[in-house]
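Structural characterization, general
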Amino acid sequence: MNKEFLAKMIAAKKLEYEALRELLPEKVNANLDEINNCLKENLMEIVMELYSATGGSSSESKTPERNGSEGNKEQKVQKVIIE
């Protein structure tokens, strides 16, 4: 695909997301922030695992070491009902 087209599509989706957030209540926005943070962390972990699996050696020095206890951390979740 054309790089310019992709850049414009990404920018349009960002604007669409920002407009949606303006319409939603603060509680829902807070939940979206939490979801986005979790997704970003998971995506970064996947990218770093793929990078290290393909022979990248600098992944160990750029990211903090993760032990098994961090992945098992329990989080409290509140059910949200949107009317």
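This text goes with the structure placed above it.
Residues numbered from 1 in each chain as written. Predicted model: local features only at pLDDT ≥ 70, side-chain atom pairs only at ≥ 80, totals over all residues. Heavy atoms only, no water.

1. Notes on the pattern of salt bridges
Enumeration over the complete set of coordinates arrives at 3 salt bridges. Among the salt bridges present, the one from K8 reaches E4, with a minimum N-O distance of 3.3 Å. Placement of both K8 and E4 in helix α1 (residues 3–23) is noted, with a separation of 4 residues, approximately one turn of the helix. The same class applies to K8 and to E4, which are both exposed. (Salt bridge = Lys/Arg side-chain N within 4 Å of Asp/Glu carboxyl O. Helix = DSSP H or I, 4+ residues; strand = E, 2+ residues; numbered from the N terminus. Buried < 20%, exposed > 50% of the residue type's maximum accessible area, 1.4 Å probe, protein only.)

2. Focus: helix α2 (residues 26–53)
Between its first and last C-alpha, α2 extends 40 Å over 28 residues, near the 40 Å set by a 1.5 Å rise per residue. Every buried residue belonging to α2 is among V28, N29 and M48, and all of these are buried. Immediately downstream of α2, the backbone of G55 shows phi near 105°, a positive value. (Expected span 1.5 Å × (residues − 1).)

3. Describing a nonpolar patch on the surface
On the surface, M1, F5, L6 and M9 cluster together to form a nonpolar patch covering roughly 450 Å² of accessible area. Mapped onto the elements, F5 comes out in helix α1. When its relative accessible area of 43% is taken as the criterion, F5 is described as partly exposed. (Patch = residues over 30% accessible without salt bridge, like charges linked within 9 Å, V, L, I, M, F, W, Y side chains within 5 Å. Areas by Shrake-Rupley, 256 points an atom, 1.4 Å probe, with all protein chains shown as cover.)

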